[in-house]
Amino acid sequence: MSDPDYVGLGGWTPAELAVPGEVRPVVTAPDGVLSRPGPEVDPTSDEVVRLAADLVATMRVSPGCVGLAAPQVGVSAQVFAVDVTGHPKALTVHGVFVLCNARVVEASRWKAGREGCMSVPDLTGDVKRAGRLVVEGALPGSGRPVRLVTDGFEARALQHEIDHCAGLLFLDRVAGAHAVYQRKVYL
Ligand code: ZN
């Protein structure tokens, strides 16, 4: 934990996966895979490396998408991609990355904020999330353990994706029907 190499991505990029990602169709609610907790994975397995590359490829072709979890492409597993690069609300930005078996180890500064989800295309909702977050997980490919310290919008995206891996949607986290909104703009 005190090893500085352990903090941050250590220069990881999707190029390290060394396989081309394929764009997969995104599953929408109420598909059962979205409400099933995903099992832990072996981050070094070929299957998980391919899945990681597919998540990045699918995220990249989806406008406004800042994160995508394995259940959203129909795979029940604890793997997700995040990229909040260029988002106006982002403070700390780690770029594009994929984490396996991610866990929240510290969470503070809870605050409500609006969220959407490609798997719930017609709704948004106000969800309370930690504004400061420490997450541990493993990188696909090498399986190297990492600890990410982040905040603001990237922290929110991480919590949203970790929830997906546990079978939870933002709709499971809203305070009630009053905190759910019909999308006014269709992208
Ligand atoms: Zn989502």
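If you're wondering where the values come from, they're calculated on a predicted model, not measured in any experiment. (Residues numbered from 1 in each chain as written. Predicted model: local features only at pLDDT ≥ 70, side-chain atom pairs only at ≥ 80, totals over all residues.)

Details of the overall build of the protein
Applied cut-off: Helix numbering and strand numbering both begin at the N terminus, where a helix is a DSSP run of H or I of at least 4 residues and a strand a DSSP run of E of at least 2. In this setup the radius of gyration rests on C-alpha atoms only. A globule is expected at 2.2 Å times the number of residues raised to 0.38. Between the buried cut of 20 or more and the exposed cut of 12 or fewer other C-beta atoms within 10 Å of a residue's own C-beta lies the partly exposed class, and all C-beta atoms are placed from the backbone. Throughout, a residue-residue contact means that the two C-beta atoms, derived from backbone geometry, are no farther apart than 7 Å.
A tally of regular secondary structure across the protein gives two helices and six strands. When the elements of the protein are put in sequence order from the N terminus, they spell out α-β-β-β-β-β-α-β. The C-alpha atoms of the protein give 15 Å as radius of gyration, which agrees with the globular expectation for 187 residues (16 Å, within 12%). The principal-axis extent of the C-alpha atoms belonging to the protein is close to 45 × 35 × 30 Å. A buried classification covers 39% of the 187 residues belonging to the protein. Taking as baseline every contact in the protein between residues at least 6 positions apart, the subset at least 24 positions apart corresponds to 70%.

Brief notes about the nonpolar core
We apply this condition: We define the nonpolar core as any set of buried residues of the types Ala, Val, Leu, Ile, Met, Phe, Trp, Tyr and Cys, connected via C-beta atoms lying within 7 Å of each other.
Counting 39 residues, the largest nonpolar core has A52, L55, A70, V79, F80 and V98 as its most contacted members. Counting residues per element, the ones that place at least two in this core are α1 (46-60), β1 (67-69), β2 (79-82), β3 (97-115), β4 (123-138), β5 (145-151) and α2 (152-165). With seven residues, the single largest contributor to this core is α1. Setting aside its immediate chain neighbours within four residues, L55 contacts L68, A70, V73, V79, F80, A81 and V98. Of all hydrophobic cores here, the second largest spans six residues; its members include L34, V127, F170 and V174.

Section: the pairing of β5
Applied cut-off: Strands were regarded as paired on the criterion that DSSP finds at least two bridges between them.
Residue alternation in β5 divides its side chains into a buried set, V146, L148 and T150, and an unburied set, P145, R147, V149 and D151. As judged from the seven bridges shared by β4 and β5, these two strands associate in the antiparallel manner. Within the sheet, the bridge partner assigned to G137 lies in β5 and is V146.

A few points about the UniProt feature "active site" (unreviewed entry) in the protein
Here is the rule we go by: UniProt positions are given in the numbering used here, feature names are shortened, and annotations may be inferred rather than shown by experiment.
Per the UniProt record, "active site" (unreviewed entry) is annotated on E161. Apart from residues lying up to four places away in sequence, E161 is in contact with G67, A69, F80 and V82.

Examining the environment of A77
Tracing the backbone through its elements, the reader meets A77 in the loop between β1 and β2. When the 20 C-beta atoms within 10 Å are taken as the criterion, A77 is described as buried. Once you skip the residues sitting within four places of it in the chain, A77 turns out to touch G38, P39, V41, L51 and A70.

Examining the environment of G32
Among the structural elements, G32 can be located in the segment before α1. The sequence separation of G32 and F80 amounts to 48 residues, and the corresponding C-alpha distance is 18 Å.

Focus on α2
The cut-off we apply is this: The length a helix should cover is 1.5 Å for every residue beyond the first.
When the terminal C-alpha atoms of α2 are compared, their 21 Å separation across 14 residues agrees well with the 20 Å that a helix rising 1.5 Å per residue should span. Across the 14 residues of α2, 13 count as buried, placing the element largely inside the fold.

Examining unusual backbone geometry
With an omega dihedral of 10°, the bond running from A29 to P30 counts as a cis peptide bond. In this fold, P30 is placed in the segment before α1. Although it is not a glycine, A18 adopts a positive phi angle of roughly 60°. Secondary-structure assignment places A18 in the segment before α1. Although it is not a glycine, N101 adopts a positive phi angle of roughly 55°.

Re α1
Between the first and last C-alpha of α1 there are 21 Å, a value that for 15 residues agrees with the 21 Å anticipated at 1.5 Å per step. Within the span of α1, buried status applies to V48, L51, A52, A53, D54, L55, V56, T58 and M59. Summarising the contacts, the buried residues of α1 are in contact with β1, β2 and β3.

Digging into the environment of G137
Mapped onto the fold, G137 is located in strand β4. Assessed through the 25 C-beta atoms surrounding it within 10 Å, G137 is described here as buried. Along the primary structure G137 and P43 are separated by 94 residues, whereas in three dimensions their C-alpha atoms are 9.7 Å apart. In contact with G137, other than residues within four places in its own chain, are L99, C100, N101, A102, R103 and V146.

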